[in-house]
Structures are given as C-alpha cells and as structure tokens.
Amino acid sequence: MRKISLIIVGVIAAAGVLTGLYFAHAATTSKNSSDVSRTKQEAGKSHQGNKKLIIYFSASGTTKAAAEVIQSKTGADIVRLQPKEKYPDDYNNLVKVAKNQLDNGIHPAIKTTIPNLKRYRTILVGFPTWWHQPPMIIHSLFDRYNFSNKIIVPFTTSSSDPMSRSMPEMRKLAQADGAKITSGFRHDNNDDALDNFLRNHHLNQ
C-alpha cells in the first residue's frame, strides 16, 4: 500500500513539473510573439517618421525648378500647390492680384489635394518671396491642412531677400499649428550651399 502511495505521489509530482514547463514555454512564446509584433510596429513608425514631402508654390516656374532639384537630393515626395483661380501670367496683373491679397488678408482657395499627410514627418515648404514674406496662398495651405508635430523646412527662391525676411510669418503659421520649424534657406542655384544645408539638417538621401 505504501509502495502504491509513493508511485501516486511520484506521478503527481511529474505531472506538476510537466505542467509548469508547458506554461513556462507558452509564456515565453507569447512574449516572443509580442516582442516581434512590437518590433514591427516600431519599425513601421520609424520608417513613417523618415518620410519627407516637398510642397511648393511657383508662379513663374523658378520655385518649381528649385523644388525639383531639392527632390533629387532628398528623395522626398513632391506636390505643387495650386490655387483654384489661376494667377495671371502677365507680371503686372500678377502683382496687382498678389498685392490685393496681401493688403486685404485674402487667403486664396487652393485646389491641391495632399493625400495622407500623416505619412510625413518633415515638410519642405517652398515659395517665392513677395513683399518680404510668403505669398498668401501659403497661409491657405496652413488653413487647410494640419501640420501639428511636423517639422517645417521653408525655402524661398527670392533673388534678393534672404530667407530670414520670410521667417516671422512662417514661424507664426508653424507655431499656430503646433509644428516645429527650422531656419530654412534661400535657393539661388548654389548647389554647394544647398548640399551643406541638407546635410546639416539630415535631409539628404
């Protein structure tokens, strides 16, 4: 009888050990699966965070050319910002329309659609400088889209004004949206200066 009791105790003990090993293995497998899933999610977020987008407004084609050069050096996606009502091709009429928008605080409606802005972390915003500041259509851009938590990198193609002349308005627009903004740069066909700026801000490919 005592021998039988010892055998029963032994079986119960062995079963307990096996059960413990099973649950320990299951817990480890579950943790590993969770770690793999978390790693994939973090990798996805990291990849998403590296995405760059160039949004530019160009009236004469100068800023368009600059934006395309910057795209070739950064690998960013690119979108041209266009108004619903086209600006005049004639310079004098263009000046009249643009000055009227500035004097009266008119934010012209835009027809450009930017799909899935959430994919991008860094937004390069390009424009010609008009009367020492961005054209009013840049205000329209910030009216329509939410740049919260984005990094805004402004660039201009002014032939005379430095980027610093446009920065007060750009800071207001970015800060109102809860975005971070860099000092920006003026593109004047100086590739060395452009390369240095992109490298210093970790924007080159």
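Here, the structure is the one placed above.
If you're wondering where the values come from, they're calculated on a predicted model, not measured in any experiment.

So, about the overall build of the protein chain. The number of helices and strands found in the protein chain is 6 helices and 6 strands. Helices (α) and strands (β) of the protein chain occur, in sequence order from the N terminus, as α-β-α-β-α-β-α-β-α-β-β-α. Going through the 205 residues of the protein chain one by one, you find that 37% of them count as buried. Per element, the accessible surface of the protein chain, about 12300 Å² overall, is 53% carbon and sulfur.

With that out of the way, let us pick up the side chain of D177. Mapping D177 onto the fold places it in the loop between α5 (167-176) and β5 (180-181). No salt bridge is formed by the buried D177. Its closest oppositely charged neighbour is K150, at 10 Å. A distance of 2.9 Å separates a polar side-chain atom of D177 from the backbone nitrogen of F147. Sequence-distant contacts of D177, defined by excluding residues within four places in its chain, comprise F142, Y145, N146, F147 and S148.

Of note, Q133 is situated in the loop between β3 (122-127) and α4 (136-144). A relative accessible area of 18% means that Q133 is categorised as buried. When residues no more than four places from it in sequence are discounted, the contact partners of Q133 are L102, P128, S166 and E169.

Ranked by size, the top nonpolar core spans 30 residues in total, and within it I123, I138, L141, F147, I152 and M170 carry the most contacts. Residue assignment for this core shows that the elements contributing at least two residues are β1 (52-56), α3 (91-103), β3, α4 and α5. Not counting residues within four places of it along the chain, the set of residues in contact with M170 comprises V125, F127, P134, I138, F142, I152, P154 and I181.

Two numbers describe how α4 lies on α5: the axes approach to 10 Å, and their chain directions differ by 10°. Of the possible angle classes, the one that applies to α4 and α5 is roughly parallel. Judged by residue contacts, I138, H139 and F142 of α4 engage E169, M170, L173 and A174 from α5.

The element strand β4 (residues 151-156) is extensively covered by neighbouring structure, given that 6 of its 6 residues are classed as buried. Burial of the side chains of β4 extends over both faces: I151, V153 and F155 are buried on one face and I152, P154 and T156 on the other. Here β3 runs beside β4; their pairing, made up of 6 bridges, is parallel. Its bridge partner being in β4, F127 is matched across the sheet by T156.

The next thing to look at is the environment of T62. Relative to the helices and strands, T62 is located in helix α2 (residues 62-74). Measuring from C-alpha to C-alpha, the distance between T62 and F127 comes to 9.2 Å, with 65 residues separating the pair along the chain. Looking at T62, its side chain comes within polar contact range of the side chain of S60, at 3.2 Å.

Here the focus is the packing of aromatic side chains. The tally for this structure, following the rule as stated, stands at 6 aromatic pairs. Summarising the aromatic geometry, the rings of F185 and F197 are spaced 4.4 Å apart at their centres and angled 45° between planes, so their arrangement reads as tilted. You can see F185 sitting in strand β6 (residues 185-186) and its partner F197 sitting in helix α6 (residues 191-200), a full 12 residues away along the chain. On the accessibility criterion, F185 (8% relative accessible area) is buried. Within the aromatic cluster, the residues linked to one another by ring pairs are F57, Y87 and W130.

Calculation notes
- Residues numbered from 1 in each chain as written.
- Predicted model: local features only at pLDDT ≥ 70, side-chain atom pairs only at ≥ 80, totals over all residues.
- Heavy atoms only, no water.
- Helix = DSSP H or I, 4+ residues; strand = E, 2+ residues; numbered from the N terminus.
- Buried < 20%, exposed > 50% of the residue type's maximum accessible area, 1.4 Å probe, protein only.
- Areas by Shrake-Rupley, 256 points an atom, 1.4 Å probe, with all protein chains shown as cover.
- Lys, Arg positive; Asp, Glu negative; His and termini not counted.
- Salt bridge = Lys/Arg side-chain N within 4 Å of Asp/Glu carboxyl O.
- Polar contact = N/O pair within 3.5 Å; in protein donor to acceptor, adjacent residues only side chain to side chain.
- Contact = heavy atoms within 4.5 Å.
- Core = buried A, V, L, I, M, F, W, Y, C linked by side-chain atoms within 4.5 Å.
- Axes fitted to C-alpha atoms, helices over the stretch in contact; angles between N-to-C directions.
- Parallel < 35°, antiparallel > 145°, perpendicular 65-115°, else oblique.
- Pairing = 2+ DSSP bridges.
- Phe/Tyr/Trp six-rings, centres within 6.5 Å; stacked < 30°, edge-to-face > 60°.

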